[in-house]
Structures are given as C-alpha cells and as structure tokens.
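Chain by chain, the residues run as shown.
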Amino acid sequence: KELKRTVPAGLGLSETRITHVFDGSKEGIIEATPYQGSFSTPRSPVISPSSTAASRLAGQGDDLIAPSGDIQRAEQRSGPVVLSEEPRSTAIEKFELVRRWSLNTYKCTRQIISERLGRGSRTVDLELEAQIEILRDNKKKYEYVLKLAQTLSSQLYQMVQTQRQLGDAFADLSLKSLELHEEFGYNADTQKLLAKNGETLLGAINFFISSVNTLVNKTIEDTLITVKQYETAR
C-alpha cells in the first residue's frame, strides 16, 4: 500500500525505478521516479552505503560471537573426561599389588607342586636347615639319656631301699648275737651309710632327670613346633 501511495499516478510498476536509501534520517524511505532505462535488461536495486546501517550490522555480528570463556567451558564439557592424578595413582598401586600377589601365588604353588612330585628341590636356608637337623639329632640323644637316667633312678631307689633294710637286719643281729656284736654293728652302720649316700645320689639323679625332661619335652619341643610353623609358612 505504501508503494502505491509513493508511485506517481499514471506510472506502472514496470516504468518505475525504486531506490532504497540508507542515508541518515531517510533510511528506509522508498522513492519512485520514472524509469528511463531499457525494459529489456533488468537492473538490480541501487543500494547506497550508510555508516549507521553498517554499524548496526556490525553490532548484530558481534551478538553472534560467543565469549571466549563460554567457548572454553563448552569445549571442556564436551571434551574427554580426564581423571585426576591422585585417583589414577591409587588405581595403579592397587593394580600393582594385585599383580605382585598373583605372581607370588603362582610361583609358590608351582614350587609346592614340584616338591611334592619330587621334581624340584626344596627352597630352604641351608644353614638354618643344618641347625634344625642338629637340634633334632640332639633331641633323640637327650631322650635316650633321659630314658637311661630314669632307669638308673628306679634301680637306685630299689637298691637304697634294699640297703636300708639290710642295715636294719644287721643292727638287729648285733643286738641278739653277742659274740658277733661288733661285726654286725659295723655292717649295719655301713649299709645305713650307703643308703644315706644313695638317697643323696638319687636326689641328684632326679634333679638331672627333671632338667633333661624340661629340655626335651618343653624347650626343644617348642622349638620344633616353631620349626613346623616355619616349614608351613615356607
């Protein structure tokens, strides 16, 4: 409708040249003048440059540019997720522990199977193993000595009891046989002295037996239990 008002009367649209002016306060006003050119060749509208329109277009272009900080945040949000250094190192340490445990378990299992099948040598400390063998041999020797000492103690106790009874018998005969009083009295005193010394020896033997028994059945036995635990751990 505005175009019809602007076009002078008597002119057709085919005879009219339309100019879009961007200059100053006349921006956006359409002027219609008689067309003087040829109708055969169409011409494009003539656009006059305007500083105001140029600045406005430039401002609209600026609105299309996103801030650099927003672009960086968008890139960070869309980029790959990077683990922090501390969780990554913890995961690596756990993986390393699992790997070492797996290797050690495999080596120990293979060694145990080889030992039981008789295909591999036992992994032992040679010096410690020699000391363990000496300890076991000493235990056997001490057990034999202990057995002999117990036998001696039993026999000595019976002998002391026999000597005491014999001394009492000689003492009785010395009282009843006047012609052999001195001889029976001397034999009675001798047997009583032997019985008294035998009791002293018997006490020493019993103390020896107690000490060896403690050594064999307590000290060495506890050590051998520790050796068994060592072998089980090995």
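What comes next is a walk through the structure. These figures come from a predicted structure and were not determined experimentally. (Residues numbered from 1 in each chain as written. Predicted model: local features only at pLDDT ≥ 70, side-chain atom pairs only at ≥ 80, totals over all residues. Heavy atoms only, no water.)

Each helix and strand counted, the protein chain has six helices and two strands in total. Scanning the protein chain from its N terminus toward the C terminus, one meets helices and strands in the order α-β-β-α-α-α-α-α. Residues counted as buried form 15% of the 234 residues belonging to the protein chain. The long-range fraction of contacts in the protein chain, counting pairs at least 24 apart against all pairs at least 6 apart in sequence, stands at 60%. When the accessible surface of the protein chain is summed, it comes to about 19,000 Å², and 58% of that surface belongs to carbon and sulfur atoms. (Helix = DSSP H or I, 4+ residues; strand = E, 2+ residues; numbered from the N terminus. Buried < 20%, exposed > 50% of the residue type's maximum accessible area, 1.4 Å probe, protein only. Contact = heavy atoms within 4.5 Å. Areas by Shrake-Rupley, 256 points an atom, 1.4 Å probe, with all protein chains shown as cover.)

Across all of its chains, the model carries one aromatic pair by this definition. Between F170 and F184, the aromatic rings sit 6.2 Å apart at their centres with planes inclined by 20°, giving stacked as the arrangement. Of this pair, F170 sits in helix α5 (residues 126-176) while F184 sits in helix α6 (residues 181-233), and the two are 14 residues apart along the sequence. F170 sits in the buried class, given a relative accessible area of 18%. (Phe/Tyr/Trp six-rings, centres within 6.5 Å; stacked < 30°, edge-to-face > 60°.)

Before going further, it helps to examine the packing of α5 against α6. Two elements in contact, α5 and α6, have axes whose closest approach is 6 Å; the angle formed by their N-to-C orientations is 160°. Compared by their axis directions, α5 and α6 come out roughly antiparallel. Considering the relative orientation of α5 and α6, their crossing is left-handed. Residue composition of the contact of α5 with α6, grouped by class: 32 nonpolar, 13 polar and nine charged. (Axes fitted to C-alpha atoms, helices over the stretch in contact; angles between N-to-C directions. Parallel < 35°, antiparallel > 145°, perpendicular 65-115°, else oblique. Left-handed = near helix turned anticlockwise from the far one by under 90°. Nonpolar A, V, L, I, M, F, W, Y, C, P; charged D, E, K, R; others polar.)

A few words now on a nonpolar patch on the surface. Together, Y144, V145, L148 and F208 give the surface a local cluster of nonpolar side chains, amounting to about 380 Å² of exposed area. Looking at which element gives the most residues to the nonpolar patch, the answer is α5, with three residues. Assessed through its relative accessible area of 39%, F208 is described here as partly exposed. (Patch = residues over 30% accessible without salt bridge, like charges linked within 9 Å, V, L, I, M, F, W, Y side chains within 5 Å. Salt bridge = Lys/Arg side-chain N within 4 Å of Asp/Glu carboxyl O.)

A few words now on the pattern of salt bridges. Tallied over the entire structure, the rule returns eight salt bridges. We note a salt bridge from R100 to E96, for which the minimum N-O separation is 3.5 Å. In this pair, R100 and E96 both sit in helix α4 (residues 85-117), four residues apart, roughly one turn of the helix. For R100, a relative accessible area of 49% gives the class partly exposed.

Counting ten residues, the largest nonpolar core is built from L146, A149, L156, V160, A195, L202, I205, I209, V212 and V216. Elements with a minimum of two residues in this core: α5 and α6. Per-element accounting of this core gives the leading share, six residues, to α6. (Core = buried A, V, L, I, M, F, W, Y, C linked by side-chain atoms within 4.5 Å.)

What follows concerns α5. Taking 1.5 Å of rise per residue, the 51 residues of α5 would be expected to cover 75 Å, and the 75 Å separating its terminal C-alpha atoms lies within 8% of that figure. Of all the positions in α5, only E129, I132, K139, L146, A149, S153, L156, V160, Q163, G167, F170 and S174 are classed as buried. Contacts made by the buried residues of α5 are with α6. (Expected span 1.5 Å × (residues − 1).)

It is worth spelling out the side chain of S153 at this point. Within the secondary structure, S153 is located in helix α5. Of the residues examined, S153 reaches a relative accessible area of 9% and is grouped as buried. Here N206 takes part through its side chain, which lies 2.7 Å from a polar atom of the side chain of S153. Excluding residues that lie within four positions of it along the chain, S153 makes contacts with L202, I205, N206 and I209. (Polar contact = N/O pair within 3.5 Å; in protein donor to acceptor, adjacent residues only side chain to side chain.)

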